[in-house]
Amino acid sequence: MQADVLFPINAEAFTYLVPPEIEPDIKTGSRVLAPFKRQEKAGIVIGFKNAETSDSKIPLKSIIKPLDNEALISENMLKLIKWAGQYYISTSGLALKNAVPSGLFTGKKIGKPRITYSGDIKITPPPELTTEQSLALSEIKSVSSGVFLLHGVTGSGKTEVYIRAIESLPPDKEAIVLVPEIALTTQIIERLKSRFGNKVAFYHSGLSLGERMAEWWKIRNGEVKIALGVRSAVFAPFRNLGLIIVDEEQEPSYKQFEGFRYNARDVALARTKLEGIKIILGSATPSMESFYNSQNGKFKYLEIKKRIDEKPMPEVEILDMTKEDKKTWFFSDKLLNALKDNIAEGHQSLIMLNRRGYSPFMMCSDCGYTYKCKACSITLTYHKDTKTLNCHYCGSYLIPQDVCPQCKGAKTRYMGVGTQRVEEELQGLLPELSLSRMDRDTTRKKLSHHRIVKAMEDKEIDVLLGTQMVAKGHDFPEVTLSAVISADVTLNLPDFRSSERAFQLFTQLAGRAGRGDVSGRVLIQTYEAGHYVFEYVKGHDYNGFYAKEIGLRKELSYPPFSRLIRIILSFRDKRLAESAAKEIAMKIKKIKKEGVEILGPAPAPIEKIRNHWRWHIILKGRDSKILRQKALNISEAIKDIKDIKIDIDVGPVNLM
Ligand code: ADP
Ligand code: ZN
């Protein structure tokens, strides 16, 4: 007997002999210890072969011993892992590594679950559903499998529908709830706990190894009924899954940007299909792809048009910064006055600027010199708290000098604006204000986002300022004003999805205002007030935006009219990259196109990251199998080019 053993490394399974005396103990999905490159390594048995039918020519090594006496990984999970490895043109081993905590392979002891939240769990009675909520729920309850797109405006009570859908599962069935960011888990976990008590596991990659193992086992052993988490929770090892919920399904953070480049929403869809269960994709602003799928009948469309208690949608004003009066750097008089009034009335406000740090670049006003990262083609962002110039791509930093490195002049200026600078200016203008900042810099420490959310809920904060983190999902009833300092940061990304992202982000932010008893107001500052996105943001008009955007996508045959694969090529040397690009172009010419459009190679918009010069090839096509085959053909044809590094991104969320 021979067994295929999969290790959590970038490779497919390896075949081993199974010594007859341990044969009864070795099962598909169980862990074994096996010799691997002069070491012993733990892996998962994923299948068996008969010695006679085996095609192996080299003598096989033998499995050393079993590590479990039962299957640890379910058959469906193994299928999902294999599917993901193939679909993302990666390997089953890398998929396994992302799907299962590494502690399972290192013999680490299982840690104690972390106590994430203090305070007792108060079970609260459910509210009575609105008509729209009931209708959506009864559709979901009426079937045991299928894909639902739950399109509900912000504040329409989607979370309550999720909770009821979980409650309506048969008693032995389990559910996964995916949210796009850890910062969003605070409120949703409290709501889940208030209804399901301690039947909820909190599963995400921010946990320590031991904690992750502990949660994994709880889920695997069915000690909990619900797993809540970000991306990696899609692999929660339930053995009796009945439902997956993907909240804010359009969020780019469901995509992993490095290594194993999976999209948790798409893996969730695949898992749903494999297990024959149902899935709810929820959003106030569905992705173009999902809405398109609901239009052509692939997904079942459920709509909630009204906010709870028929609260009005907030009024949105676009402030044209070329015309607005302003006495300060970043605040128009209108926005500043609105803030003052809002605070005087005892309400809270949210301010978004989708750029962290103090200023996005420093420039000498004599010679125009700007500080750039030595390893990336990116200007360095000044961070005032650390007094450093940081690269947001590679993490390296410089200490700015008193004189310009180029002309030795003394007139280096901070250019542009980041959240730290807005914080400083606003605090200077309104010293009494209780202001908090939420961005990646203030939420690095464990639980720091939780503290900010709590302080907001307890009304210890008047104004919460931050990056897109503040726009998403939160339910703060006292927020009656939300504002965007500079919409242009979001509008002007060199990417075909930038309008979609901008519409989603501004609509999300608008949705934070006026969720309580007082109606809300939204102010968006921009130097491009004529951009078409604003028309639809103002009118809370998703359908209008979709109709406009889908036309543009069709014209350029971008998703949903095609699927994309992006091949990223990196080189150490700029000139080598250029000559390789020519060679690659020649090789691509020889590949038959048949229904696939191949663009490039061309320099990527961000030309250099971590000392690597980046080029890319974009493949567009309707049939995902053919498309993947072409991507494989290309990478095969170019893999021997000198010093090339090839990365394949299936379903990229941006092309930068
Ligand atoms: P969404 O996720 O759609 O933005 P939420 O689920 O956060 O909206 O709901 C908004 C608010 O309305 C929450 O405070 C929630 O507790 C409350 N809510 C939800 N459903 C009901 C209902 N049927 N009756 C009363 N309040 C509700
Ligand atoms: Zn860098």
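Parameters at a glance
Residues numbered from 1 in each chain as written. Chains lettered and ligands numbered in written order. Predicted model: local features only at pLDDT ≥ 70, side-chain atom pairs only at ≥ 80, totals over all residues. Heavy atoms only, no water. Helix = DSSP H or I, 4+ residues; strand = E, 2+ residues; numbered from the N terminus. Rg over C-alpha atoms; globule rule 2.2 N^0.38 Å. Buried < 20%, exposed > 50% of the residue type's maximum accessible area, 1.4 Å probe, protein only. Contact = heavy atoms within 4.5 Å. Areas by Shrake-Rupley, 256 points an atom, 1.4 Å probe, with all protein chains shown as cover. Lys, Arg positive; Asp, Glu negative; His and termini not counted. Charge placed at Lys NZ, Arg CZ, Asp CG, Glu CD. Pairing = 2+ DSSP bridges. Axes fitted to C-alpha atoms, helices over the stretch in contact; angles between N-to-C directions. Near = heavy atom within 4 Å. Polar contact = N/O pair within 3.5 Å; in protein donor to acceptor, adjacent residues only side chain to side chain. Nonpolar A, V, L, I, M, F, W, Y, C, P; charged D, E, K, R; others polar. Expected span 1.5 Å × (residues − 1). Parallel < 35°, antiparallel > 145°, perpendicular 65-115°, else oblique. Salt bridge = Lys/Arg side-chain N within 4 Å of Asp/Glu carboxyl O. Core = buried A, V, L, I, M, F, W, Y, C linked by side-chain atoms within 4.5 Å. Donors = N, O, S within 2.8 Å, 3.2 Å for Na, K, Ca; no water. Tetrahedral: all angles 85-135°; square planar, octahedral: opposite > 155°, others 65-115°. Domains from an automatic or database assignment. 1 Å grid on protein atoms, 1.4 Å probe; cavity = no way out; pocket = protein on both sides within 12 Å on 5 of 7 lines; lining within 4 Å. Points joined across faces, edges and corners; volume = space filled by probe spheres on them.

## Details of the overall build of the chain
Then, in step 1: Looking only at helices and strands, the chain has 18 helices and 27 strands in total.
Then, in step 2: In terms of C-alpha radius of gyration, the chain reaches 26 Å, essentially the compact-globule figure of 26 Å for 656 residues.
Then, in step 3: Principal axes of the C-alpha set define a box for the chain whose edges measure 85 × 65 × 50 Å.
Then, in step 4: Counting across all 656 residues of the chain, residues that qualify as buried make up 56%.
Then, in step 5: Taking all contacts inside the chain whose residues are at least 6 apart in sequence as the whole, residues at least 24 apart take part in 76%.
Then, in step 6: As presented, the chain carries roughly 29300 Å² of accessible surface, and 51% of it is formed by carbon and sulfur atoms.
Then, in step 7: For the chain, the distance from the average position of its 98 positive side-chain charges to the average position of its 79 negative side-chain charges is 6 Å.

## Considering the sheet that holds strand 14 (residues 348-352)
Then, in step 1: The strand order 13-23-22-14-21-20 describes an open sheet built from 6 strands, whose pairing is parallel. Both edges of this open sheet fall to strand 13 (315-320) and strand 20 (435-438), since each of them pairs with a single strand only. Each neighbouring strand pair of the sheet contributes to a mean axis angle of 15°, computed without reference to strand direction.
Then, in step 2: Of the pairings in the sheet, the one linking strand 22 (residues 479-484) to strand 23 (residues 521-526) comprises 4 bridges and is parallel in character. Bridge pairing links Ala483 to Leu523 in strand 23.
Then, in step 3: Contacts from helix 14 (residues 498-510) reach strand 13, strand 14, strand 22 and strand 23 within the one sheet, and its direction differs from that of strand 22 by about 155°.

## A closer look at the site of ligand 1
Then, in step 1: Around ligand 1, the structure places 17 residues, and the nearest of them are Glu128, Gln133, Gly155, Lys158 and Asp475.
Then, in step 2: A distance of 2.7 Å is found between a nitrogen atom of ligand 1 and a backbone nitrogen or oxygen belonging to Glu128.
Then, in step 3: Contacts to ligand 1 include Thr159, whose side-chain N or O atom sits 3.1 Å from an oxygen atom.
Then, in step 4: Summarising the interface, the protein chains cover 76% of the accessible area of ligand 1, which totals 560 Å² for the free molecule.
Then, in step 5: Per element, the largest residue contribution to the shell around ligand 1 is 3 residues, and it comes from helix 5 (residues 158-167).
Then, in step 6: Tallied by class, residues from the shell around ligand 1 come to 4 nonpolar, 7 polar and 6 charged.

## A few points about helix 7 (residues 209-220)
Because the α-helix completes a turn every 3.6 residues, residues three or four places apart line up on one side.
Then, in step 1: Across its 12 residues, helix 7 extends 16 Å between first and last C-alpha, which sits within 8% of the 16 Å expected from 1.5 Å per residue.
Then, in step 2: Considered for burial, the residues of helix 7 that qualify are Gly210, Glu211, Arg212, Met213, Ala214, Glu215, Trp216, Trp217, Ile219 and Arg220.
Then, in step 3: For helix 7, the secondary structure elements touched by its buried residues are helix 2 (92-99), helix 3 (103-106), strand 8 (200-202) and strand 9 (226-229).
Then, in step 4: Immediately downstream of helix 7, the backbone of Gly222 shows phi near 70°, a positive value.

## Some words on the packing of helix 9 (residues 288-295) against helix 16 (residues 542-555)
Then, in step 1: For the pair helix 9 and helix 16, the least separation of the axes is 11 Å and the interaxial angle reads 100°. Looking at the two axes, helix 9 sits roughly perpendicular to helix 16. Contact residues: helix 9 offers Met288, Phe291, Tyr292 and Gln295, while helix 16 offers Tyr542, Asn543, Phe545, Tyr546, Glu549, Ile550 and Arg553.
Then, in step 2: Classifying every residue of the contact of helix 9 with helix 16 gives 7 nonpolar, 2 polar and 2 charged.

## Topic: the pattern of salt bridges
Pairing between side chains becomes possible if they bear opposite charge and their charged atoms approach one another.
Then, in step 1: With the rule as written, the count across this model stands at 39 salt bridges.
Then, in step 2: Glu324 is paired through a salt bridge with Lys334; the nearest N and O atoms lie 3.6 Å apart. Pair noted here: Glu324 is in the loop between strand 13 and helix 10 (333-344) and Lys334 is in helix 10, with a separation of 10 residues, a long-range link.
Then, in step 3: Salt bridges here are not isolated pairs; linked through shared partners, they connect Lys255, Arg261, Lys645, Asp647 and Asp649.

## What about the pairing of strand 15 (residues 361-364)?
Then, in step 1: What you see with strand 15 is a clean split: Met362 and Cys364 sit on the buried side and Phe361 and Met363 on the side with no burial.
Then, in step 2: Here strand 15 pairs with strand 19 (residues 412-415) via 4 bridges, running antiparallel. Within the sheet, the bridge partner assigned to Met362 lies in strand 19 and is Tyr414.

## A word on the nonpolar core
Then, in step 1: Of all hydrophobic cores here, the largest spans 117 residues; its most connected members are Phe506, Ile524, Ile584 and Leu619.
Then, in step 2: Phe196, Phe202, Ile280 and Leu302 belong to the second-largest nonpolar core, a separate cluster that totals 29 residues.

## Some points on the coordination of the zinc ion (ligand 2)
Then, in step 1: Listed as protein donors to the zinc ion (ligand 2) are Cys373 (SG), Cys376 (SG), Cys391 (SG) and Cys394 (SG); their distances from the metal cover 2.3 to 2.4 Å.
Then, in step 2: If you look at the zinc ion (ligand 2), its 4 donor atoms make angles of 107 to 112° with each other, and the shape they trace is tetrahedral.
Then, in step 3: Mapping the donors of the zinc ion (ligand 2) onto the primary sequence gives the spacing C-x2-C-x14-C-x2-C. In this pair, Cys376 is assigned in the loop between strand 15 and strand 16 (381-383) and Cys391 in the loop between strand 17 (388-390) and strand 18 (397-398), connecting sequence segments 15 residues apart. Accessibility assignment for this pair places Cys376 and Cys391 in one class, buried.

## Some words on the domain arrangement of the chain
Then, in step 1: Taken as a whole, the chain is organised into domain 1 (2-106), domain 2 (131-308), domain 3 (311-357 + 417-554) and domain 4 (563-650).
Then, in step 2: A straight line from the C-alpha centre of domain 1 to that of domain 3 covers 49 Å.

## Focus on the environment of Gly276
Then, in step 1: Here Gly276 shows up in the loop between helix 8 (264-275) and strand 11 (278-283).
Then, in step 2: Here Gly276 falls in the partly exposed class, since its relative accessible area comes to 43%.
Then, in step 3: Distance from Gly276 to Arg563, taken between C-alpha atoms, is 25 Å for residues 287 residues apart in sequence.
Then, in step 4: With near-sequence residues (within four places) excluded, Gly276 lies in contact with Ser144 and Ser145.

## What to know about empty space enclosed by the protein
Then, in step 1: All chains considered together, the criterion is met by 1 cavity of 30 Å³ or more.
Then, in step 2: In this structure, the largest cavity encloses a volume near 50 Å³.
Then, in step 3: Leu72, Ile73, Ser74, Met77, Trp216, Arg220, Pro237, Phe238, Arg239 and Arg271 are the residues that line the largest cavity.
Then, in step 4: Of the residues that constitute the lining of the largest cavity, the class distribution is 6 nonpolar, 1 polar and 3 charged.
Then, in step 5: Counting contributing residues, the lining of the largest cavity receives three or more from each of domain 1 (2-106) and domain 2 (131-308).

## Here's the deal with the sheet that holds strand 3 (residues 31-36)
Then, in step 1: With antiparallel pairing, 5 strands are arranged side by side in an open sheet as 2-1-4-3-5. Each end of this open sheet is capped by a strand with a single partner; those strands are strand 2 (14-17) and strand 5 (65-66).
Then, in step 2: Two strands pair when backbone bridges link them, and strand 3 and strand 4 (residues 39-49) are joined in this way by 6 bridges, in the antiparallel orientation. Following the sheet pairing, Ala34 is matched in strand 4 by Lys41.

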